[in-house]
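# Close look at the chain arrangement
Listed below, chain by chain, are the residues.
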Amino acid sequence: MADTVVSPRLEVRELTKHFALRGGFGRSKEVVHAVDDVSLRIGAGQTLAIVGESGCGKSTLARCIVGLTSPTAGQVLLDGVDIAQPVALREHRREIQLVSQNPLSALNRRRTVGSAIVQAMQVHGLGGSKQARLDAADDLLERVGLRRDYRDRFPSAMSGGEMQRAVIARALAVEPSVLVLDEPTSSLDVSVKAKIVNLLLELQRDLGLTYVIITHEIDLALHIADRVAIMYLGRVTEDASVEQASCTPLHPYAKLLLAAKPVPDPRSRAAYVGIDGEVPSAVDPPKGCRFHTRCPLAIDVCTTVRPDLTDLGDGQLVACHRAEPRDRKGLLDVVADPHD
Ligand code: SF4
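A brief look at the structure comes next. Numbers given for residues are sequential positions, taken from 1 along each chain in its written order. The model is predicted, so local features are restricted to residues of pLDDT at least 70 and side-chain atom pairs to those at 80 or more, both for listing and for counting; the totals for chains, interfaces and linings are taken over all residues. Here the side-chain values reflect all heavy atoms present in the structure, with hydrogen atoms and water set aside.

### A short note on the nonpolar core
Put simply, the rule reads: The nonpolar core is taken to be a set of buried Ala, Val, Leu, Ile, Met, Phe, Trp, Tyr and Cys residues, with the residues joined through side-chain atoms within 4.5 Å. Relative accessible area decides the class of each residue, using a 1.4 Å probe on protein chains only: under 20% of the type maximum gives buried, over 50% gives exposed, and in between gives partly exposed. The numbering of helices and of strands both runs from the N terminus, where a helix is a DSSP run of H or I of at least 4 residues and a strand a run of E of at least 2. Throughout, a contact is declared for two residues whenever any of their heavy atoms are within 4.5 Å.
Residues L10, L40, L61, I65, I117, I168 and V228 are the most contacted members of the largest nonpolar core, which totals 92 residues. For this core, the leading source of residues is helix α6 (residues 160–172), giving seven residues. Excluding residues that lie within four positions of it along the chain, I65 makes contacts with L10, V12, V76, I83, I96, V180 and V212.

### Considering the sheet that holds strand β1 (residues 8–21)
The strands making up a sheet associate through hydrogen bonds between their backbones, and the pairing can be parallel or antiparallel. Put simply, the rule reads: For two strands to count as paired, DSSP must find a minimum of two bridges between them.
The four strands lie next to each other as β2-β1-β4-β5, forming an open sheet whose pairing is antiparallel. Edge strands, defined here as strands with exactly one partner in the open sheet, are β2 (30–43) and β5 (81–82). Sheet topology places β1 next to strand β4 (residues 73–78); five bridges connect them, and they run antiparallel. Bridge pairing in β4 places R13 opposite Q75.

### Structural notes on the site of the ligand
Selection rule: Residue proximity to a molecule or strand is established when one non-hydrogen atom of the residue lies within 4 Å of it. For this scheme, ten residues count as nonpolar: Ala, Val, Leu, Ile, Met, Phe, Trp, Tyr, Cys and Pro. Four count as charged, namely Asp, Glu, Lys and Arg, and the remainder, Gly too, count as polar.
For the ligand, the full set of nearby residues is H251, P252, C289, H292, C295, L297, A298, C302, P307, C320, H321 and R322. Residues belonging to the shell around the ligand are distributed by class as follows: eight nonpolar, three polar and one charged.

### Re the pattern of salt bridges
Under the convention used in this document: When a carboxyl oxygen of Asp or Glu lies within 4 Å of a side-chain nitrogen of Lys or Arg, that pair is called a salt bridge.
Within the structure shown, the criterion is met by 19 salt bridges. When the shortest N-O distance is used, the salt bridge between D138 and R148 registers 3.6 Å. Taken together, the residues span a long stretch of sequence, with D138 in helix α5 (residues 130–143) and R148 in the loop between α5 and α6 at a distance of ten residues. The salt bridge involving D149 is made with R153; its shortest N-O contact spans 3.9 Å.

### Here we look at the environment of A282
Topologically, A282 is positioned in the loop between α10 (252–259) and β11 (310–311). For A282, a relative accessible area of 17% corresponds to the buried category. Taking the C-alpha atoms as reference, A282 lies 8.4 Å from C56; in sequence the two are 226 residues apart. Beyond its immediate sequence surroundings of up to four residues, A282 is in contact with V31, V32, H33 and L233.

### Topic: the side chain of T16
With respect to the helices, strands and loops of the structure, T16 is situated in strand β1. Assessed through its relative accessible area of 12%, T16 is described here as buried. The residues touching T16, leaving out its near neighbours within four places in the chain, are V35, D36, D37, P71, T72 and A73.

### Structural notes on the packing of aromatic side chains
For any pair of aromatic rings, the description consists of the separation of the ring centres together with the inter-plane angle of the planes. Rule in force here: Only rings of Phe, Tyr and Trp enter the pairing, Trp through its six-membered ring, and a pair is recorded when the two centres are within 6.5 Å. The plane angle decides the type: under 30 degrees is stacked, over 60 is edge-to-face, the rest tilted.
Summed over all chains, the structure comprises three aromatic pairs. Ring geometry for Y232 against F291: centres 5.0 Å apart, planes inclined by 80 degrees, an arrangement best described as edge-to-face. Remark: F291 occurs in the loop between α10 and β11 and Y232 occurs in strand β9 (residues 227–232); sequence separation between them is 59 residues. The residues Y232 and F291 share a single accessibility class, namely buried.

### So, the packing of helix α4 (residues 113–123) against α5
Put simply, the rule reads: Whenever a helix is involved, its axis is fitted only over the stretch in contact; in every case the axis is a line through C-alpha atoms, and angles between N-to-C directions fall within 0 to 180 degrees. Here a crossing is called left-handed whenever its near helix is offset anticlockwise from the far helix by less than a right angle, and right-handed whenever the offset is clockwise.
The contact between α4 and α5 brings their axes to 9 Å, and the two run at 115 degrees. Seen from above, α4 lies across α5 with right-handed handedness. The residues of α5 that touch α4, namely those facing V113, G114, I117, V118, M121 and Q122, are R133, L134, A136, A137, L140 and L141. Looking at the contact of α4 with α5 residue by residue, the class counts come to nine nonpolar, two polar and one charged.

### A closer look at helix α7 (residues 190–207)
Rule in force here: By this rule the span expected of a helix is its residue count minus one, scaled by 1.5 Å.
The terminal C-alpha atoms of α7 lie 26 Å apart, and with 18 residues this matches the ideal 26 Å at 1.5 Å per residue to within 8%. Check the buried side of α7 and you find it contacts β3 (47–51), α5, α6, β7 (178–182), β8 (210–215) and α8 (218–224). A positive backbone phi angle near 65 degrees is found at G208, which sits one or two residues after α7.

### Topic: the sheet that holds β8
Strand order across the open sheet formed by eight strands is β6-β7-β8-β3-β9-β10-β12-β11, with mixed pairing between neighbours. The open sheet has two edge strands, β6 (96–99) and β11, and neither has a second partner. Each of β3, β6, β7, β8 and β9 touches helix α1 (residues 58–66); the most contacted strand, β8, lies at about 150 degrees to it. Where α7 meets the sheet, it contacts β3, β7 and β8, and its direction lies at approximately 160 degrees from that of β8.

### Focus: unusual backbone geometry
Even without being glycine, E14 reaches a positive phi, approximately 50 degrees. Residue position: E14 is located in strand β1. For E14, a relative accessible area of 51% puts it in the exposed group.

### Quick word on the environment of A120
Relative to the assigned elements, A120 resides in helix α4. Judged by relative accessible area, A120 falls into the buried class, the value being 16%. Residues A120 and V174, 54 residues apart in the sequence, show an inter-C-alpha distance of 6.5 Å. For A120, the residues in contact, after removing those within four places along its chain, are R170, A173 and V174.

In structure tokens:
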């Protein structure tokens, strides 16, 4: 696995998405800073996991990447073409598909699974005749581990795992090269989750798909990804290879997330695993480093000067005034037990 992405299949460049909230009588409009100046890249056939707590902006970023929301500023480059532009998006929409968080809401309850898959092909003029599309739907259902007779089932007659497989089949129906998967396993129980993860890995291997996985589960990210980008309050705090993210995370927030990941024996966990305090409001995010209100290592400069993502070696990008490669061990110890 490469530590740096030399020729990206997909690149997000300086992407910002702000939402204006409607102001009440006599009140000025407020702005939600959902995503701020995010840059990411991932190579063909690789997986980028975007990780963060609820409200960090990762789902908004996913919607910007697939063109469901227009960014306020910035670019989404697919093989160098900016698909954030409407004309380019129309031309390339088929190539990048979203698998959304809740499979039940992603499927039309009044449509059979087969009809949903055939409709996706029709919209993009794929599959040929009606019979050819139905045959292709059967093949896709088998491809994702469902029997052919699921073609005539409605979502209400399927389990959560089966619905997720059907949603993946519908996304594959338009022959994409990139899948953006928003919390693909968060609504599933542990055994089903493992099967869906294995299915995704198998599909990637067989079809050469590029994945962007949006998740709050750091253990899923470390299991499935080549690169991991950690977001906090609209910004990327660390963007690293999976080995760097799991063995030598450099940003304090990344270290705390890693320390909090589930372990088989919780008694073996380091003394301090929580992140103190609440996530501040995205309407009025903290100045300087957005993590400074919760960071055990914050110093004065953190409250006023925004740290830029900087390559601290081997393509490990970190936005922290205090992170230095030579401090890896020292910072990790401090963050692991700040009350020592
Ligand atoms: Fe903590 Fe300062 Fe680094 Fe932000 S810049 S993560 S507040 S040490």
